[in-house]
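Survey of secondary and tertiary structure
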Amino acid sequence: MKQKLTIGLFGFGVVGQGLHDVLKTSPAFDAEIARICVKSKKKRTLPEEMFCYNPDEIINDPQINTIVELIDNANDAYHIVKKALQKGKNVVSANKKMLAENMAEMIQLQKENNVSLLYEASACGSIPVIRNLEEYYDNDLLLSVTGILNGSSNYILSKIFDQNQSYTDALKKAQELGFAESDPSFDVEGFDSLFKLIILTTHSFGTIVNPNNVLTYGISNISDFDIQYAREKGFKIKLVGQVERLKDNKITLFVLPRFVGKDKYIYSVEDEFNGVVVKGRAYDKQFMFGKGAGGHPTGSAVLSDITALAHNYKYEYKKMNFFDEFKYYKDDAIEIYLRYSDEAVLDHFNFNSVSEEYKGPKYNYKIGCIKLSHLIEIKEKLRQLDIFIAATGRSLNY
Ligand SMILES: NC(=O)c1ccc[n+]([C@@H]2O[C@H](COP(=O)([O-])OP(=O)(O)OC[C@H]3O[C@@H](n4cnc5c(N)ncnc54)[C@H](OP(=O)(O)O)[C@@H]3O)[C@@H](O)[C@H]2O)c1
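Residues numbered from 1 in each chain as written. Predicted model: local features only at pLDDT ≥ 70, side-chain atom pairs only at ≥ 80, totals over all residues. Heavy atoms only, no water.

With respect to the site of the ligand
Taken together, 22 residues are adjacent to the ligand, and V15, S40, R44, D76 and G294 come closest. The contact in question runs from an oxygen atom of the ligand to an N or O atom on the backbone of F12, over 2.8 Å. In this structure, an oxygen atom belonging to the ligand sits 3.1 Å away from a main-chain N or O atom of I71. Contact with the protein chains covers 81% of the free accessible surface of the ligand, which is 910 Å². Looking at side-chain class alone, the shell around the ligand contains 10 nonpolar, 6 polar and 6 charged residues. (Near = heavy atom within 4 Å. Polar contact = N/O pair within 3.5 Å; in protein donor to acceptor, adjacent residues only side chain to side chain. Areas by Shrake-Rupley, 256 points an atom, 1.4 Å probe, with all protein chains shown as cover. Nonpolar A, V, L, I, M, F, W, Y, C, P; charged D, E, K, R; others polar.)

Printed below as a string of structure tokens:
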């Protein structure tokens, strides 16, 4: 049975305002925003009496049965969402960092309090990837989920490859257009993609992976040499998150820049768009494409979750509850391109095999296979070295 929702909203920034606008254009939907909790007092586009500054005013309000958490602070979001669930309120959240870092607890809280926490907007904005993984791809056929999960870094790479812009100019433009934050490291170092990948992995294979244990490397060290190398081979470089099923109920996952050829669906995902390829037995590959960020697109995903709550929808975490456990396996080898100048950096890398090598006046590169566990061990170091690494896309089954 459908229930009327009275919403307490946390956050009235890009997504909060987007949700408000989108709700206004859905008059058929029986829900209203009763109160909005924000951080600071300032002039807003809605009457002052709608706003409050103390989360408890919303969480303890018996009239409010639904909490929508759209704030930009993962720590505060954790406390707000936890309290709301413990109070017996259903919650919608878009906070990928908070969810990825606390997934096990969030699932437990839903069980203990018999409530629902939905978070479609947390991964790929308007693309309904989580609910599809949970409901449609709920069988044993799924093999991998591969995607461009971060719009800001994809925008930068598009400008580099399609318009010959430098990394610095493309990043500046992305910041001017609001696609990238003033501190862009969350996006360009791959963390945003990582948190989304952790959430997608939960719904793809039922495995909760600690984000600290996943190889995550971004695009900030890309050089003209890497771009030229990719172009000469007919590739673009994309920042890709992937989780893949291996033999014997194992999975592997990582976030890495990747050389992508014209034959791949994600080759044509440009600018701030996101794209996700779902691969499975019997159906081969399917591709979901759309806007991964922005107030209205993300607000539409939040609205869809709110609508689902009105119909008493909950994630069943089917893969976790009804499948044999998939173990995160780190000992698979992946083939990488390593660009470096100083020979000394090679001491950090244990290549199992090398298939291509080049030494030039300024830059050198090596292409070879290396164990994922080894790259995970040195992942902090990778960001500090004067190198660039990218997956060639050859050694795994994508
Ligand atoms: N932007 C996107 O396109 C996008 C896409 C997908 C997911 N998301 C996720 O959606 C969430 C919101 O992002 P956003 O871009 O809308 O952020 P934003 O524009 O920076 O807005 C953040 C809002 O949160 C409020 N806030 C911060 N800390 C708070 C606290 N402790 N209590 C109450 N309110 C608090 C701020 O209040 P003030 O107004 O007083 O500063 C502001 O209204 C984030 O988790 C983000 O990762 C965003």
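Next comes the rest of the write-up.
Examining the pattern of salt bridges
Side chains that differ in charge, positive against negative, can pair when their charged atoms come close. Taken as a whole and judged by the stated rule, the model has 25 salt bridges. Residue D192 is joined to K196 by a salt bridge in which the shortest nitrogen-to-oxygen separation is 2.7 Å. A residue pair is termed a helical-turn pair when its members lie 3 or 4 positions apart in one helix, as D192 and K196 do in helix 10 (residues 191–205) at 4 residues. The class of K196 is buried, set by a relative accessible area of 4%. (Salt bridge = Lys/Arg side-chain N within 4 Å of Asp/Glu carboxyl O. Helix = DSSP H or I, 4+ residues; strand = E, 2+ residues; numbered from the N terminus. Buried < 20%, exposed > 50% of the residue type's maximum accessible area, 1.4 Å probe, protein only.)

Some thoughts on the packing of aromatic side chains
With the rule as written, the count across this model stands at 23 aromatic pairs. Ring geometry for F287 and F289: centres 6.2 Å apart, planes at 40°, overall tilted. Classification of F289 as partly exposed rests on a relative accessible area of 45%. Among the aromatic residues, those joined into a cluster by ring pairs are F225, Y229, F235, F259, Y337, Y358, Y363 and Y365. Lying over the aromatic face of Y313, R131 brings its terminal NZ or CZ to 5.4 Å of the ring centre. Directly above the aromatic system of Y267 lies the positively charged group of K236, at a separation of 4.2 Å from the ring centroid. (Phe/Tyr/Trp six-rings, centres within 6.5 Å; stacked < 30°, edge-to-face > 60°. Lys NZ or Arg CZ within 6 Å of the ring centre and 35° of its normal.)

Structural notes on the side chain of H20
With respect to the secondary-structure elements, H20 resides in helix 1 (residues 14–24). On the basis of relative accessibility, which here comes to 15%, the residue H20 falls in the buried class. With sequence-adjacent residues up to four places away left out, H20 is seen in contact with F12, I33 and L46. (Contact = heavy atoms within 4.5 Å.)

A short note on the domain arrangement of the chain
Once the domains are mapped, the chain shows domain 1 (5–130 + 295–316) and domain 2 (138–291 + 325–391). Centre-to-centre separation of domain 1 and domain 2, based on C-alpha positions: 30 Å. On the surface where domain 1 and domain 2 come into contact, there are 1 salt bridge. The residue K96 makes a salt bridge to D192 at a minimum N-O spacing of 3.2 Å. Our enumeration of links across domain 1 and domain 2 arrives at 3 residue pairs in polar contact (both at pLDDT 80 or more). Listed by contribution, the elements that provide at least two residues to the side of domain 1 that touches domain 2 are helix 4 (96–101), helix 5 (103–113) and helix 6 (129–135). Broken down by element, the residue count for the side of domain 1 that touches domain 2 peaks at 5 residues, all from helix 4. Partitioning the side of domain 1 that touches domain 2 into residue classes produces 14 nonpolar, 3 polar and 3 charged. (Domains from an automatic or database assignment.)

Concerning the sheet that holds strand 5 (residues 90–93)
What the 6 strands build is an open sheet, ordered 3-2-1-4-5-6; its pairing is parallel. Taken across any chain shown, the strands that pair with only one partner, and hence form the sheet edges, are strand 3 (51–52) and strand 6 (117–118). Note: strand 4 (residues 66–69) against strand 5, 4 bridges, orientation parallel. Its bridge partner lying in strand 5, T66 is registered against N90. (Pairing = 2+ DSSP bridges.)

A word on the packing of helix 7 (residues 151–163) against helix 8 (residues 167–176)
For any two helices packed against each other, the geometry comes down to the angle between their axes and how far apart the axes lie. At a minimum axis distance of 9 Å, the contact between helix 7 and helix 8 shows a crossing angle of 135°. Considering their axes alone, helix 7 and helix 8 lie oblique with respect to each other. Between helix 7 and helix 8 the crossing geometry is right-handed. Here Y155, I156, K159 and I160 of helix 7 lie close against helix 8, whose contacting residues are Y167, A170, L171, K173 and A174. Broken down by class, the residue content of the contact of helix 7 with helix 8 amounts to 7 nonpolar, no polar and 2 charged. (Axes fitted to C-alpha atoms, helices over the stretch in contact; angles between N-to-C directions. Parallel < 35°, antiparallel > 145°, perpendicular 65-115°, else oblique. Left-handed = near helix turned anticlockwise from the far one by under 90°.)

What about the pairing of strand 5?
By the alternation rule, side chains of strand 5 split into N90 and V92 and V91 and S93, which are all buried. Once the chain exits strand 4 it traverses helix 3 (residues 74–86) before rejoining the sheet at strand 5, and the crossover so formed is right-handed. Bridge count between strand 5 and strand 6: 2 bridges; the pairing is parallel. Residue pairing in the sheet places V91 in a bridge with L117 of strand 6. (Right-handed = clockwise from strand over helix to strand, strands pointing away.)

What about the pairing of strand 15 (residues 351–359)?
Bridge analysis of strand 15 against strand 16 (residues 364–371) gives 7 bridges, and the strand direction is antiparallel. Within strand 16, the residue paired with K359 across the bridge is N364. Between the end of strand 15 and the start of strand 16, which pair antiparallel, lie 4 residues.

A word on helix 12 (residues 295–310)
For helix 12, with 16 residues, the first-to-last C-alpha span of 22 Å sits near the 22 Å given by 1.5 Å per residue. In the core, the buried residues of helix 12 are packed alongside strand 1 (5–10), helix 1, strand 4, strand 5, strand 6 and helix 6. Positive backbone phi, at 60°, marks N312, one or two positions downstream of helix 12. (Expected span 1.5 Å × (residues − 1).)

As for the nonpolar core
The biggest cluster of nonpolar side chains holds 133 residues, and the ones touching the most others in it are F349 and I387. Two domains each provide a minimum of three residues to this core, namely domain 1 (5–130 + 295–316) and domain 2 (138–291 + 325–391). In contact with I387, not counting residues within four places along its chain, are Y217, N221, L338, R339, Y340, V345, F349 and L382. Listed in part, the 7 residues of the second largest apolar core include V240, I266, V269 and V277. (Core = buried A, V, L, I, M, F, W, Y, C linked by side-chain atoms within 4.5 Å.)

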